[in-house]
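Overview (structure and organization)
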Amino acid sequence: MAESHVVSALVAKRAEIAGVIAQTERQLGQFRADLVHLDAALRLFAPELEPKTIPAMRVRQADLWFEQGELPRRMLDALRRADEPIRAPDVVRAVMIDKGLAPADRQSFARVQWKVRDTLNRLNKRGLLVPDGVGHGVLWRIADHAA
């Protein structure tokens, strides 16, 4: 027979998730009603416009750790302070220390590491950073024209 505390915890978790689903469904209903009203207003002011042809805007999920543009700025600062090209984990450590986060906390390190990796690739595509090497040993530096 199952342990009563296990069953109790599973029942509580199920109730929590069911509550989140119910709340989300109510919000979804309100969003749909808002959309109907906006479509009606659009038809009044622009009858030639078909609202369903307007593509949905991608909603950016807020980051609780870094403000908009803060992470790339901290990364570029860390790369400027380095005397030579540095590896991505070193960029992560520098950013975390600069932000006041503990690099020794593995969960925090892993979370920031994913963000740094994505931002390194984005800055590379924009031509601001240059990778030296390939794979796990790649070293990063600021592009000559961006320094």
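Below is a summary of the structure that appears in this document. The shown structure was predicted, so the numbers you read here are calculated from the model rather than taken from an experiment.

1. Topic: the environment of glutamine 113
Along the polypeptide, glutamine 113 turns up in helix H4 (residues 106-125). Its relative accessible area of 21% is what places glutamine 113 among the partly exposed residues. Counting along the chain gives 23 residues from glutamine 113 to aspartate 90, while the straight-line C-alpha distance between them is 9.9 Å.

2. Re the packing of helix H3 (residues 88-99) against H4
Two elements in contact, H3 and H4, have axes separated by 9 Å at closest approach and are oriented at 115°. Crossing angle aside, the handedness with which H3 passes H4 is right-handed. Within the contact between the two elements, H3 uses Ala88, Pro89, Val91, Val92, Arg93, Val95 and Met96 and H4 uses Ser108, Phe109, Val112, Gln113, Val116 and Leu120. Of the residues contributing to the contact of H3 with H4, the split by class is 10 nonpolar, two polar and one charged.

3. A closer look at the pattern of salt bridges
In this structure the tally under the stated criterion is eight salt bridges. Taking the shortest distance from any N to any O, the salt bridge between lysine 13 and glutamate 16 comes out at 3.6 Å. Of this pair, lysine 13 and glutamate 16 both sit in helix H1 (residues 4-45), three residues apart, which is roughly one turn of the helix. Take glutamate 16: its relative accessible area is 46%, and that puts it in the partly exposed class. In this structure, the salt-bridge partner of glutamate 70 is arginine 74, at a minimum N-O distance of 2.8 Å. One end of the pair is glutamate 70 and the other is arginine 74, both in helix H2 (residues 70-81) and four residues apart, which spans about a single turn. With respect to class, glutamate 70 is no different from arginine 74; both count as buried. A network of salt bridges, in which partner residues are shared, links Glu70, Arg74, Asp98 and Lys99.

Thresholds, definitions, all that
Residues numbered from 1 in each chain as written. Predicted model: local features only at pLDDT ≥ 70, side-chain atom pairs only at ≥ 80, totals over all residues. Heavy atoms only, no water. Helix = DSSP H or I, 4+ residues; strand = E, 2+ residues; numbered from the N terminus. Buried < 20%, exposed > 50% of the residue type's maximum accessible area, 1.4 Å probe, protein only. Axes fitted to C-alpha atoms, helices over the stretch in contact; angles between N-to-C directions. Left-handed = near helix turned anticlockwise from the far one by under 90°. Contact = heavy atoms within 4.5 Å. Nonpolar A, V, L, I, M, F, W, Y, C, P; charged D, E, K, R; others polar. Salt bridge = Lys/Arg side-chain N within 4 Å of Asp/Glu carboxyl O.

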